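Geometric and topological summary
As a plain string of letters, each chain reads:
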Amino acid sequence: MNTTTVAVDLAKTVFQLAVADTSWKVIQTHRLTRSQFERWFANREVGLVIMEACGSAHHWARWLNGLGIEVKLLPAAYVRAYVRRNKTDAADACALLEAARCADIVPVKVKSVEQQSLQGLHRIRSLWMSTRTSRINALRGFCREFGLCVPPGARTGLEAMSRTLADPDSPIPALIRGSMRLLIDEILLLETRIAQLERELSELARHSPACTTLLSIPGIGLLTATALVAATAGEVGHFKDARHFASWFGLTPREHSSGAARRLGRISKRGDRYLRMLLTHGARSVLRAASVMQRTGRPLDGLRTWALAVQARSNHNKAACALANKLTRICYATLRDATPYGQPVTRPQRKLTRTAYALAS
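Scope of this entry: the structure provided in the associated data block.

The rules behind the values
Residues numbered from 1 in each chain as written. Predicted model: local features only at pLDDT ≥ 70, side-chain atom pairs only at ≥ 80, totals over all residues. Heavy atoms only, no water. Core = buried A, V, L, I, M, F, W, Y, C linked by side-chain atoms within 4.5 Å. Buried < 20%, exposed > 50% of the residue type's maximum accessible area, 1.4 Å probe, protein only. Helix = DSSP H or I, 4+ residues; strand = E, 2+ residues; numbered from the N terminus. Contact = heavy atoms within 4.5 Å. Expected span 1.5 Å × (residues − 1). Polar contact = N/O pair within 3.5 Å; in protein donor to acceptor, adjacent residues only side chain to side chain. Pairing = 2+ DSSP bridges. Right-handed = clockwise from strand over helix to strand, strands pointing away. Axes fitted to C-alpha atoms, helices over the stretch in contact; angles between N-to-C directions. Salt bridge = Lys/Arg side-chain N within 4 Å of Asp/Glu carboxyl O.

Right, let's talk about the nonpolar core for a bit. Ranked by size, the top nonpolar core spans 48 residues in total, and within it Leu214, Ile217, Phe245 and Leu323 carry the most contacts. Contributions of two or more residues to this core are made by helix H5 (113–145), helix H7 (174–206), helix H8 (209–214), helix H9 (222–232), helix H11 (273–296), helix H12 (302–313) and helix H13 (316–337). Ranked by residue count, the leading element in this core is H13, at nine residues. Setting aside chain neighbours within four positions, we find Ile217 in contact with Leu327, Ile330, Cys331, Thr334, Tyr341 and Lys351. Of all hydrophobic cores here, the second largest spans 20 residues; its members include Phe15, Phe41, Val49 and Ala61.

So this is what it looks like as structure tokens:
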């Protein structure tokens, strides 16, 4: 039997299929296990498979593409509006068929194995950083309970707490002293692993033309460049323009307009939170460097002059968000044209050599 379109509601072990004809009318529904799902496409001619862009969707999309079947991944948030009545697997599959007919919903681009591996490295680093921060905060709390004031700063605080634990006359009781030493050893181990992961990212960035191009932009460092390449594969041609690219990160303002009244609010904060955080931190670093250059009388380029002007007429946080938006648009232009950022001349080799955990490595 020849079929045209198949909507698949993915799950861990059960897959719900809705088969539609050329008029988008559901003619069959199937509830298959994982092994049955893999065999189902063997003896059928399927023109299009529609799935939500959720967990394991990119894997199945690559597998179906290998069979010569076109795959369309739709954003899950946009498919939800097409679910009728109660939410079931069958209703979700039918909703996928309805959402696929909407020309305004832009499909998600299928990620390669390399992209997902690179994203996995960033997620692992984030988990290690979160664990490291929680351990340091716990040690600070223990020290505070025994009347010790730890100086601010992760590195300075760790060194001060290590000296305190090594001092036999410190007020820390012997009952907890050994466990606190184990926490410090765990933090140092995490820093060693983070440093090794960052060296792997540096090696990947050296061999990636897209990363090299992004590193020429002020405020774009090793983490931001590799995360952007992992999210886009260094290709931005499927975005309509630079503003659309910035809105993909949630860096454009929300809009609540009616008639002739146009109201723009805060940034939407939609999209990848991790990438938005990296871009905002990069903007803050550019703002801080621009302020230092202005105080010392050094010449400023156009980007930093603009950022300081925005900060002067608004505030620091708004200027940081505005600069993050502009940096995103610059990233779009450099990736689109495959041309490094021209002004000012940066030192990408310095960005590739991260020293945050030099002591741990």
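Back to the text.
Moving on to H13. Between its terminal C-alpha atoms H13 stretches 31 Å, which fits the 32 Å expected from 22 residues at 1.5 Å a residue. Buried-residue contacts for H13 involve H8, H9, helix H10 (242–248), H11 and H12. Where H13 begins, the side chain of Asn315 points an oxygen toward the backbone nitrogen of Asn317, at a separation of 3.1 Å. Among the residues trailing H13, Ala338 stands out with phi positive, at a value near 55°.

Take the pairing of strand E5 (residues 70–74) next. Here five bridges tie strand E4 (residues 48–52) to E5, and the two strands are oriented parallel to one another. Of the residues in E5, the one forming a bridge with Leu48 is Glu70. With respect to chirality, the unit in which E4 leads through helix H2 (residues 57–66) into the neighbouring parallel E5 is right-handed.

Judged by pairing direction, the sheet is mixed, and its five strands sit side by side in the order E3-E2-E1-E4-E5 without closing on themselves. The open sheet has two edge strands with one neighbour each: strand E3 (26–33) and E5. Sheet twist, expressed as the mean angle between neighbouring strand axes with direction ignored, is 20°. Each of strand E2 (14–20), E4 and E5 touches H2; the most contacted strand, E5, lies at about 165° to it.

Turning our attention to the pairing of E3. In the sheet, E2 pairs with E3 via seven bridges, with the strands oriented antiparallel. The partner of Val14 across the bridge, within E3, is Thr33. Between E2 and E3, which pair antiparallel in sequence order, lie five residues; one of them, Trp24, sits at a positive phi of approximately 65°.

The next point concerns the environment of Ile184. For Ile184, the position within the fold is in helix H7. Assessed through its relative accessible area of 7%, Ile184 is described here as buried. Distance from Ile184 to Thr305, taken between C-alpha atoms, is 43 Å for residues 121 residues apart in sequence. Setting aside residues no more than four positions away along its own chain, Ile184 makes contact with Leu139, Met161, Ser162 and Leu165.

This paragraph deals with the pattern of salt bridges. Scanning all chains against the criterion turns up 13 salt bridges. The partner of Glu186 in a salt bridge is Arg135, and the shortest N-O contact between them spans 3.2 Å. Taken together, the positions of Glu186 in helix H7 and Arg135 in helix H5 put the pair 51 residues apart, joining distant regions of the chain. Since its relative accessible area comes to 27%, Arg135 is described here as partly exposed. Bridged by salt links that share partners, the residues Arg132, Arg155 and Glu191 form one connected network.

Here we come to the side chain of Gln16. With respect to the helices, strands and loops of the structure, Gln16 is situated in strand E2. Here His30 takes part through its backbone oxygen, which lies 3.3 Å from a polar atom of the side chain of Gln16. Setting aside anything within four residues of it in sequence, one finds Gln16 in contact with Ala7, Val8, Asp9, Thr29, His30, Arg31, Asp89, Ala90 and Ala93.

Interpretation in functional terms is not warranted from these geometric data alone.
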